[in-house]
Amino acid sequence: LGTALTGCVGHFVLPYGWDWSVSLVFGTILSATDPVAVVALFNTLGVSPRLTMVISGEGLLNDGTAIVAFALMLKVALGASIDFWGVVGFFSQMTLVAVAVGGLVGGA
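Worth saying up front: this structure is predicted, and the values here are computed from it rather than measured. Within any chain, residue numbers begin from 1 and follow the written order of that chain's sequence. This being a predicted model, a pLDDT of at least 70 is required before a residue's local features are given, and a value of 80 or more before pairs of side-chain atoms are given or counted; all residues contribute to the totals for chains, interfaces and linings. Heavy atoms from the whole structure form the basis of all side-chain values; hydrogens and water molecules are not counted.

Caption draft 1: Structural context of the packing of aromatic side chains. Any two rings among Phe, Tyr and Trp, with Trp reduced to its six-membered ring, count as a pair given centres within 6.5 Å; such a pair is stacked if its planes are under 30 degrees apart, edge-to-face if over 60, and tilted if neither. A full pass over the atoms with the stated rule returns five aromatic pairs. When the ring of Trp 18 is compared with that of Phe 26, the centres are 5.1 Å apart and the planes differ by 55°; the resulting orientation is tilted. Partly exposed residues are those whose accessible area sits between 20% and 50% of the maximum for their type, while under 20% is buried and over 50% is exposed, using a 1.4 Å probe and protein chains only. Classification of Trp 18 by relative accessible area gives partly exposed; the value is 23%. On the basis of relative accessibility, which here comes to 22%, the residue Phe 26 falls in the partly exposed class. Feature note: the residues Tyr 16, Trp 18 and Phe 26 constitute an aromatic cluster, connected by ring pairs.

The following block contains the structure:
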């Protein structure tokens, strides 16, 4: 949702005349939120380590999703055509490769 809204701002509000693909690349760059400030505040306030870990994990998930969305939107901006099953395949490939590499590195 953040990517789409930021892309709309890039398309309709900013004075650069970007088309949708470039606006959505812009949206994917700015949509990744980072929980560093929240985690630092949690450490200062003495919030439970479990909640701090949940927030950190959510941030990692958001970062990974933003990277995959950026890669997809960059492909579109560079001229690739996509359809629904192409997007599903792309996300599946990125996810499965990440899990496989994580399993190999983590298991080593």
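Caption draft 2: Highlighting the environment of Phe 26. Looking at where Phe 26 falls in the secondary structure, it is placed in helix H2 (residues 20–31). Sequence-wise, Phe 26 and Val 9 are 17 residues apart; in three dimensions their C-alpha atoms are separated by 9.6 Å. Residues count as neighbours in contact if any of their non-hydrogen atoms are within 4.5 Å of one another. For Phe 26, the residues in contact, after removing those within four places along its chain, are Thr 6, Gly 10, Leu 14 and Trp 18. Think of it this way: any DSSP run of H or I at least four residues long counts as a helix, any run of E at least two long counts as a strand, and we number them from the N terminus.

Caption draft 3: Representation of the packing of helix H1 (residues 2–12) against H2 in the model. As a rule, the C-alpha atoms of each element are fitted with a line to give its axis, helices using only the stretch in contact, and angles between N-to-C directions run from 0 to 180 degrees. One can describe the packing of H1 onto H2 by two numbers: an axis separation of 7 Å at closest approach and a directional angle of 130°. Compared by their axis directions, H1 and H2 come out oblique. H2 is crossed by H1, and the crossing has right-handed handedness. Taken together, the residues of H2 that come into contact with H1 (itself represented by Gly 2, Thr 3, Ala 4, Thr 6, Gly 7, Cys 8, Gly 10, His 11 and Phe 12) are Trp 20, Ser 23, Leu 24, Phe 26, Gly 27, Thr 28, Leu 30 and Ser 31. Amino acids are sorted into nonpolar (Ala, Val, Leu, Ile, Met, Phe, Trp, Tyr, Cys and Pro), charged (Asp, Glu, Lys and Arg) and polar (every other residue, Gly among them). In terms of residue class, the contact of H1 with H2 is made up of seven nonpolar, 10 polar and no charged. Every angle not falling under 35 degrees, over 145, or within 65 to 115 is termed oblique; those three ranges are roughly parallel, roughly antiparallel and roughly perpendicular. Helix crossings are classified by the rotation of the near helix relative to the far one: an anticlockwise turn of less than a right angle makes the crossing left-handed, while a clockwise turn makes it right-handed.

Caption draft 4: Fine view of the nonpolar core. Throughout this description, the term nonpolar core refers to a set of buried Ala, Val, Leu, Ile, Met, Phe, Trp, Tyr and Cys residues connected via side-chain atoms within 4.5 Å. Judged by nonpolar contacts, Val 25, Val 68, Leu 72, Met 73 and Phe 90 together constitute the single largest core of five residues. Top element by residues in this core is helix H4 (residues 49–77). It accounts for three residues.

Caption draft 5: Highlighting a nonpolar patch on the surface. In this scheme, patches are assembled from residues that exceed 30% relative accessible area and form no salt bridge. Like charges are connected within 9 Å, while nonpolar side chains (Val, Leu, Ile, Met, Phe, Trp, Tyr) are connected within 5 Å. All accessibility values rest on the Shrake-Rupley procedure with a 1.4 Å probe; residue burial counts only the protein chains present in the view. When a carboxyl oxygen of Asp or Glu is within 4 Å of a side-chain nitrogen of Lys or Arg, the pair counts as a salt bridge. Taken together, Val 9, Phe 12, Val 13 and Trp 20 make up a surface patch of nonpolar side chains, about 430 Å² in accessible area. In this structure, Phe 12 sits in helix H1.

Caption draft 6: Just the packing of H2 against H4, in detail. Contact geometry for H2 and H4: axes closest at 9 Å, N-to-C directions at 165°. Put simply, H2 runs roughly antiparallel to H4. Like other packed secondary-structure pairs, H2 and H4 cross with a definite hand, here left-handed. From H2, Ser 21, Leu 24, Val 25, Thr 28 and Ile 29 reach across to H4, where they touch Ala 66, Ala 69, Phe 70, Met 73, Leu 74, Val 76 and Ala 77.

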